[in-house]
Amino acid sequence: MRSFILGTDWGADCDDCVALRVLSRFVKKGEINLLGIGINCVKEHAYASMKAFLNLEGIDVPVGIDPRSHETDGWTWTENYQPRLAKLEPKLSNDDAESAVRVYRRAIAEAQGKVEIMEIGFLQVLGDFLRSQGDDISPKTGYELCREKVERIWSMAGRWDVDGGREFNIAWTPLTRESSSYIFDNCPVPMTLLGWEVGDSVITGDKLSHGDYLWQAMADHGYTNGRSSWDPMLIMLAITGDPKMAGYDTVTGKATLEADTGK
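Values in this document were obtained by computation on a predicted structure and should not be read as measured data.

Rules and cut-offs
Residues numbered from 1 in each chain as written. Predicted model: local features only at pLDDT ≥ 70, side-chain atom pairs only at ≥ 80, totals over all residues. Heavy atoms only, no water. Helix = DSSP H or I, 4+ residues; strand = E, 2+ residues; numbered from the N terminus. Rg over C-alpha atoms; globule rule 2.2 N^0.38 Å. Buried < 20%, exposed > 50% of the residue type's maximum accessible area, 1.4 Å probe, protein only. Contact = heavy atoms within 4.5 Å. Areas by Shrake-Rupley, 256 points an atom, 1.4 Å probe, with all protein chains shown as cover. Lys, Arg positive; Asp, Glu negative; His and termini not counted. Charge placed at Lys NZ, Arg CZ, Asp CG, Glu CD. Salt bridge = Lys/Arg side-chain N within 4 Å of Asp/Glu carboxyl O. Core = buried A, V, L, I, M, F, W, Y, C linked by side-chain atoms within 4.5 Å.

### Considerations on the overall build of the protein
Along the protein, the regular secondary structure elements total 11 helices and nine strands. The C-alpha radius of gyration of the protein comes to 17 Å, within 12% of the 18 Å expected for a compact globule of 263 residues. When the backbone C-alpha atoms are referred to their principal axes, the protein occupies close to 45 × 45 × 40 Å. Buried residues in the protein amount to 53% of all 263 residues. For the protein, restricting intrachain contacts to residue pairs at least 6 apart in sequence, the fraction spanning at least 24 positions comes to 82%. Split by element, the accessible area of the protein, about 11,600 Å² in all, is 49% carbon and sulfur. Put simply, the protein has 28 plus and 40 minus side-chain charges, and the middle of one group is 3 Å from the middle of the other.

### Thoughts on the pattern of salt bridges
Using the criterion set out here, one finds 16 salt bridges in the structure. For Arg25, the salt bridge identified is with Glu57, shortest N-O distance 2.5 Å. Taken together, the residues Arg25 in helix α1 (residues 15-28) and Glu57 in helix α2 (residues 46-57) connect sequence positions 32 residues apart. On the basis of relative accessible area, Arg25 is assigned to the partly exposed category, the value being 33%. The residue Glu98 makes a salt bridge to Arg102 at a minimum N-O spacing of 3.6 Å. Judged by its relative accessible area of 27%, Glu98 is partly exposed. The class for Arg102 is partly exposed, based on a relative accessible area of 25%.

### What about the nonpolar core?
Core analysis: the largest hydrophobic core is formed by 45 residues, its most contacted members being Leu6, Trp10, Leu34, Ile37 and Ile235. Counting residues per element, the ones that place at least two in this core are β1 (3-8), α1, β2 (33-39), α2, β3 (63-65), β6 (150-156), α10 (213-220) and α11 (230-240). Considering each element in turn, this core owes the most residues, eight residues, to α1. Setting aside residues no more than four positions away along its own chain, Leu34 makes contact with Phe4, Ile5, Leu6, Leu23, Val27, Ile59 and Val61.

Dropping the structure here:
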């Protein structure tokens, strides 16, 4: 059975909620293992709301947060769906979560076989993991763990339909740009990048029951009639494991990102 780790900018948009619904279904069917989740967009109720959503979905997964994700270069956003969900876990706070890098390191070091990473948010956790040094979890660096035990990284990243396209997940802040540029230049395993242009016109959630907590989360974020499907499409692509089988044409090559511009 294939094993995955998920990185998500939980709270930045509601397509992450849809992606978690899709992913949870595969976990509950016993078709994949989900070894951990790293939140790379952290507001006040990030951890509690994530744990609440996972409980509602019926799965229990280690969750870590990125303590640097507040470095958003002046960009602010409301929590939208997080406060309502967090009320279901009133005793939890971000202080109860360990770092996302430790979640990545432990999941990969302790996995019996190869691991695949799905990234549907900012890439700084992945970058910090690659640059991490040996610790009490493993004497190996993150780069060594990735090279030896990660099969592939699947990422909703980039805009590839225009020359020099800038895309939110990898280009929004200096932190995300630097991390993304580092990863593209140094990642020791193959990456499959699903561009913004692919999921933008595919709408998910418009037929959900209004009694569904997923619909409520989307409504709290301002999308009562569905949302673009960037993140759930990346999840489906990763779980399919073969872009051609999933119906995609692919281009194979070297991706680069200018850290100062995000292009």
